[in-house]
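Residue-level structural notes
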Amino acid sequence: MKFIEGGVCAAKGFTAGGIHCGIRKNKEKRDLSIIYSETLAATAATYTTNLVKGAPLTVTKNNIADGYAQAVICNSGNANTCNFDGIEVAEKMCQLLADGLSIKASDVVVASTGVIGQRLDVTPIANSIPALISSLSENGSDNAAEGIMTTDTVKKEVAVEFEIGGKTCHIGGIAKGSGMIHPNMATMLVFITCDCAISPAMLQKALSGDIKNTFNMVSVDGDTSTNDMVTVMCNGMAGNDIIDSEGEAYNEFMKALNSVTMNLCRKIAGDGEGATKLLECKVTGAKDEATAKTVAKSVICSSLLKAAMFGADANWGRVLCAIGYSGADVDVNKIDVSFKSNAGEIPVCVNGAGIEFSEEFAKSILVEKEIEILISLKSGEASATAWGCDLTYEYVKINGDYRT
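**Looking at the overall build of the protein**
Helix and strand counts for the protein stand at eleven helices and 15 strands. Taking 404 residues into account, the globule formula puts the C-alpha radius of gyration at 22 Å, and the protein, at 22 Å, falls close to it. C-alpha extents for the protein along the principal axes are approximately 70 × 55 × 35 Å. A total of 404 residues make up the protein; the buried ones form 56% of that total. Entry remark: accessible area of the protein is about 16,100 Å², with carbon and sulfur atoms responsible for 48%. Taken together, the 35 basic and 48 acidic charged side chains of the protein have centroids lying 3 Å from each other.

If you want it as structure tokens, here you go:
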């Protein structure tokens, strides 16, 4: 397995593109994206657990109920959520793209991201469908990644090449996510494409299993979004024998999928609104996986800990505090904590109590761009990892006037 270029266009038979259609005021910013497969593709998705869901999620869920899709359309700048005509608009977007591509509207995945509670005028989208389709290119992943961005500061793309049954396969993805990110699936928009042959049922099984250890372990600000989802499309053009049961081929596919999702998780967490640092909390020695995940999530979600990391303050007491209120059944008298980065590693807590350490060395570790918070519970063999970012002044500034 190796990382390659191409994003969602790395897989055979997939093209992508993105344009500015007029939803966003900034004409230099793409706000409408497309992904297209030459052939019908097995498709799976997971959706936000927020009870308030964007209309596009409802339409997409209905469209891929048969396990297949062929194209994706996504706009940024308006979430199409909490609108009386939201379903109608989302369905219209599907029909417009389907007509332009000569496919069925029910084979379109539709998504929107942006401001909640403002009506989405479908007119600029309708007027731009020919230009959107014309933007399709084997090198179009970058433009598609830009078109789905909101407060993101960087595009998020990744692709991997791997083998199944002697056939070379490719899987790639793009993502958006910077704010309103909290572990409760899906908490961001992610579009993944693959040329591997796999049944819809096994693809859904793979995705549903993967997100438990990837996207569900990311938190930027504790807010679970209304619109977000992860979709995977596999068109089978790699020519491998179809994966329709668990086994070696399924395991290889899972590894490749996880390589893509894990990479996108880190990119999303590191690009949190106003963030200056990627935080990675690694919990080991837990009695079971549920305990490890609970502890890792609680620490990564702590506003006080996130603020301390912004200030490069080795305030390890905030780590213990977050573990203590997490609800996990742990022995607080066994907990060890260390901070680690490219500058080195420093233990700060042993058996639930502070130890002497160099504040100067600790600060040199915590001023780095990527920080690891290492926690050993010393009560078992289970482990888990969660990702987040620091909490900065800029986060408040961004969200103080996001709509106005």
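**A closer look at the pattern of salt bridges**
Per the stated rule, a full pass over the model turns up 14 salt bridges. A salt bridge links Glu280 to Arg266; the nearest nitrogen and oxygen atoms lie 2.8 Å apart. Here Glu280, found in strand 10 (residues 278-286), pairs with Arg266, found in helix 6 (residues 248-270); they are 14 residues apart in sequence, far enough to count as distant. In this structure Arg266 comes out as partly exposed when scored by relative accessible area, which is 27%. Between Glu370 and Arg266 there is a salt bridge, with its nearest N and O atoms 2.9 Å apart. Taken as a pair, Glu370 in strand 14 (residues 370-376) and Arg266 in helix 6 lie far apart in primary sequence, 104 residues in all.

**What about the pairing of strand 11 (residues 336-341)?**
In terms of strand pairing, strand 11 meets strand 14 through five bridges, oriented antiparallel. The residue bridging Val337 from the neighbouring strand is Ile375, located in strand 14. Sheet topology note: the strand 11/strand 12 (residues 344-350) ladder contains five bridges and is antiparallel. Among the inter-strand pairings, Ser338 is bridged to a residue of strand 12, identified as Pro347.

**Some details on the packing of helix 1 (residues 55-63) against helix 2 (residues 86-101)**
Where helix 1 contacts helix 2, the axes come no closer than 8 Å and their chain directions differ by 55°. As the angle between them shows, helix 1 and helix 2 are arranged oblique. Crossing of helix 1 against helix 2: the hand is right-handed. For the pair helix 1 and helix 2, contact is made by Ala55, Pro56, Thr58, Val59 and Asn63 and by Gly86, Ile87, Ala90, Glu91 and Cys94, respectively. A class-by-class count of the residues in the contact of helix 1 with helix 2 yields six nonpolar, three polar and one charged.

**Brief notes about the packing of aromatic side chains**
Considering all chains together, one arrives at one aromatic pair under this definition. Each ring, one from Phe310 and one from Tyr393, has its centre 5.2 Å from the other, and the planes form 90°; the classification is edge-to-face. In this pair, Phe310 sits in helix 8 (residues 303-310) while Tyr393 sits in helix 11 (residues 393-400), placing the two residues 83 residues apart along the sequence.

**Things to note about unusual backbone geometry**
Of note in this structure, Asn80 is not a glycine but carries a positive phi near 50°. A positive phi angle, near 55°, is found at Asn351, a position not held by glycine. Its location among the elements puts Asn351 in the loop between strand 12 and strand 13 (353-354). Classification of Asn351 by relative accessible area gives partly exposed; the value is 39%.

Rules of the game
- Residues numbered from 1 in each chain as written.
- Predicted model: local features only at pLDDT ≥ 70, side-chain atom pairs only at ≥ 80, totals over all residues.
- Heavy atoms only, no water.
- Helix = DSSP H or I, 4+ residues; strand = E, 2+ residues; numbered from the N terminus.
- Rg over C-alpha atoms; globule rule 2.2 N^0.38 Å.
- Buried < 20%, exposed > 50% of the residue type's maximum accessible area, 1.4 Å probe, protein only.
- Areas by Shrake-Rupley, 256 points an atom, 1.4 Å probe, with all protein chains shown as cover.
- Lys, Arg positive; Asp, Glu negative; His and termini not counted.
- Charge placed at Lys NZ, Arg CZ, Asp CG, Glu CD.
- Salt bridge = Lys/Arg side-chain N within 4 Å of Asp/Glu carboxyl O.
- Pairing = 2+ DSSP bridges.
- Axes fitted to C-alpha atoms, helices over the stretch in contact; angles between N-to-C directions.
- Parallel < 35°, antiparallel > 145°, perpendicular 65-115°, else oblique.
- Left-handed = near helix turned anticlockwise from the far one by under 90°.
- Contact = heavy atoms within 4.5 Å.
- Nonpolar A, V, L, I, M, F, W, Y, C, P; charged D, E, K, R; others polar.
- Phe/Tyr/Trp six-rings, centres within 6.5 Å; stacked < 30°, edge-to-face > 60°.

Nothing here speaks to function; it is all geometry.
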